[in-house]
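Listed below, chain by chain, are the residues.
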Amino acid sequence: MSYTSQSVRTLKFADEEDNVFSESHSSQSMNGDQHGAMNSYLSPGQIPRKNSNLTNRTLTEEDEVIVFVDSPNKKLFCRLCDQVFKDPVIVSCGHTYCKSCVASRSDGICPVDDQRLVVMVANIAVSEQIGELMIHCKYGCYYNETLKRFVADSTKCPSTFRMNQRRDHENDCDYMPIDCPNNAGCPPLLKKDLEDHLRSCNNVHCPNKKYSCDFIGTQDELEEHLKSCRFEGMKEFLRLTDEKVTDLQMHLNQKDQEIEFLRSMLGRLSERLETMEKSVDMKLELVERNHSKIMDEILDNRKDISALTEEMSHINMRINLGATAGAYDPISMFKCKGTFVGHLGPVWCLSAMGDYLFSGSTDKTIKVWDTSSSYKCVKTLEGHSGIVLALCNYGNKLFSGSQDCNIIVWNVETYENCQVIKAHDNPVCTLVAASNMLFSGSLKIIRVYDVHTYELKKELTGLNHWVRALAATNEYLFSGSYQTVKVWNINTLECVRDLETSGGSVYSIAITNHHILCGTYENCIHVWELNSFNQLETLMGHSGTVYALAVLHTASGTKVFSASYDRSLRVWSMDNMICTQTLVRHQGSVACLAVSRGRIFSGAVDSTVKVWQ
């Protein structure tokens, strides 16, 4: 049973004959069939009084007086307030308390088992028990000054009923005090005495009072008055006039509502129109920007087409000139001799050592391939927790760099993991070894380790982006980042030159006896003269990022192989800077290259490694 009230409540347990609870407050409605239950309880000392004498006033419909027929079971009393439950709830420890007592408990602790008071659910069973308690009608009770409580009065309403039924009875009780409908000056009446009172009431008003008739008298005098009342003959006309006025007022109210509705709709339409105007302005501005952008792109494309046309003419001229100089040599044509299959993901790096080839993949493994005859995998090296991105060898050691930011040192004779170097805070993109040093590239940094002791010797900084390419000679270390190739003195580890590039980030670097080459994000290969660092040429031909470069010395001259996102390999003659062959056999982007004993090995996103010779 649910109680709602704003009054302070206390409870006193009376003697064995009667239990009395009372409340006086503004009328509060109850929920459902339990609306007759008390809203709150007041002890006798807290009973509200009018005119300082409760015994001299008549109970009203707003007064809540509860006199139990039998004493309630003590189990229906809350341990926190010692009163009959009001809005009982079960807490987490299983005990039942008043909902308001739980909320107002300062320490929030159950007094029985010292558990925290957390409301779980309303105790409907206890509410129903309280609703079944028998009580006297409040109009059958009076306040006993001696006992300091309400008790049943045998001279008043004798009815008893369940607490959850009290409203049904008390709202229509014959002993309910009411006022005379004729005049507020009449003495208080009981409902059952109203009819007799009206026969003798001196405050009967003329029914034409609303038309300004001021007659007041008894019922008999009213009958005489109506015979001569000047409004009686016009009452039908006045009634019709009132009805018309009422209809006109209703019509006027409806028009006011319609006007308010139209104003509201007009306001909404204005807001929508303003929103649409803003949207149109934004779209027009966007169209203008896109138009300008498209025109700029068209102009750029026209410039690119002109540059390509000029480049094609230049290449054709060089081909025509080189045809008589042996630029096209059928004996030097490369063909695919085999395919290594075994990785479960893209192959990102290769390193060759004699008859063995090492390949690193997205599957986090390094596979060792026999390239002498069988082309089979002889060992799978596991140890990295991320993609294997870089491989290089030095002496009898293989170094592998990974997305897990570590470098693992492997013994190539036993294939054992010799050392794990916590190399960087970001993935290791590239590795190269030279002059007893191991160089590892990552985000804006190159770290230099002793190739034997693995001790960190120096950090090379001043780089502007990921270091995706490293190459080394006896004199220099070359590093590629965004539109820059840095040249470092390999002995002092100081930067001695910056080679500016175009085409975005540098993804690959290769060094020949006379040239420096770098492949870029935007499909081109830049060529510099090694001794003077003067830029000689830009090789065009790929339609995707140039991921890898490799140098092969042949009888017909130095060849440079380039691997690209466009799934092809290109062979470039360094004698005349011309592409002499395009190799297309991979089903995915070609990501890495390695050279060993006159053969080229290419690894690709299609998870295979191919051999070219």
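Reading the values: rules and limits
Residues numbered from 1 in each chain as written. Predicted model: local features only at pLDDT ≥ 70, side-chain atom pairs only at ≥ 80, totals over all residues. Heavy atoms only, no water. Helix = DSSP H or I, 4+ residues; strand = E, 2+ residues; numbered from the N terminus. Contact = heavy atoms within 4.5 Å. Areas by Shrake-Rupley, 256 points an atom, 1.4 Å probe, with all protein chains shown as cover. Core = buried A, V, L, I, M, F, W, Y, C linked by side-chain atoms within 4.5 Å. Buried < 20%, exposed > 50% of the residue type's maximum accessible area, 1.4 Å probe, protein only. Pairing = 2+ DSSP bridges. Axes fitted to C-alpha atoms, helices over the stretch in contact; angles between N-to-C directions. Salt bridge = Lys/Arg side-chain N within 4 Å of Asp/Glu carboxyl O. Patch = residues over 30% accessible without salt bridge, like charges linked within 9 Å, V, L, I, M, F, W, Y side chains within 5 Å. Lys, Arg positive; Asp, Glu negative; His and termini not counted. Charge placed at Lys NZ, Arg CZ, Asp CG, Glu CD.

Per an unreviewed UniProt entry, the recorded name for the protein is E3 ubiquitin-protein ligase TRAF7-like isoform X1, and the organism is Biomphalaria glabrata.

*Asks:* Describe in detail the overall build of the protein, supporting the description with residues and values.
*Replies:* Each helix and strand in the protein was counted, giving six helices and 39 strands. Considering only contacts in the protein between residues 6 or more positions apart, those separated by 24 or more positions represent 45%. Accessible surface for the protein amounts to roughly 32,900 Å². Of this, 50% is attributable to carbon and sulfur atoms.

*Asks:* Describe the nonpolar core, listing the residues and the values that go with them.
*Replies:* Counting 26 residues, the largest nonpolar core has Y97 and I130 as the members making the most contacts within it. Listed by contribution, the elements that provide at least two residues to this core are β2 (63-68), β3 (88-91), β4 (96-98), α1 (99-104) and α2 (124-131).

*Asks:* Which residues make up the sheet that holds strand β5 (residues 119-122), and what values do they have?
*Replies:* For sheets, the rule is that strands pair by backbone hydrogen bonds, running either parallel or antiparallel. Ordered by their spatial adjacency, three strands build an open sheet running β4-β3-β5, and the pairing between neighbours is antiparallel. One side of each edge strand has no neighbouring strand; the edge strands of this open sheet are β4 and β5. Across this sheet, the average inter-strand angle for adjacent strands is 45°, counted without regard to direction. Taken together, the three bridges between β3 and β5 define a ladder with antiparallel strand orientation. What sits directly across from I90, in β5, is V121.

*Asks:* An account of the pattern of salt bridges is needed here, citing residue identities and associated values.
*Replies:* Taken as a whole and assessed by the stated rule, the structure comprises 17 salt bridges. A salt bridge links D172 to K191; the shortest N-O distance between them is 2.3 Å. Linking D172 in the loop between α3 (166-170) and β10 (177-178) with K191 in the loop between β11 (189-190) and α4 (194-200), this pair joins segments that are 19 residues apart in sequence. One salt bridge connects E274 with K278, and the closest N-O pair in it is separated by 3.8 Å. Within this pair, E274 and its partner K278 are both found in helix α6 (residues 235-323), separated by four residues, close to a single helical turn. Given a relative accessible area of 44%, E274 falls into the partly exposed group. Linked by salt bridges that have partners in common, E236, R239 and E243 make up one network.

*Asks:* I'd like to hear about the sheet that holds strand β24 (residues 437-442), residue by residue, with values.
*Replies:* Across the sheet, which stays open at both edges, the four strands sit in the order β23-β24-β25-β26 with antiparallel pairing between neighbours. One side of each edge strand has no neighbouring strand; the edge strands of this open sheet are β23 (430-434) and β26 (456-460). Neighbour-to-neighbour, the strand axes of this sheet turn through a mean angle of 20°, independent of strand direction. The pairing of β23 with β24 spans five bridges and is antiparallel. The residue of β24 that forms the bridge with A434 is M437.

*Asks:* Go over a negative patch on the surface, please, and point to the residues and values.
*Replies:* Taken together, the side chains of D296, E297, D300 and D304 define an acidic patch exposed on the protein surface. Tracing the backbone through its elements, the reader meets D304 in helix α6. You can call D304 partly exposed: its relative accessible area is 44%.

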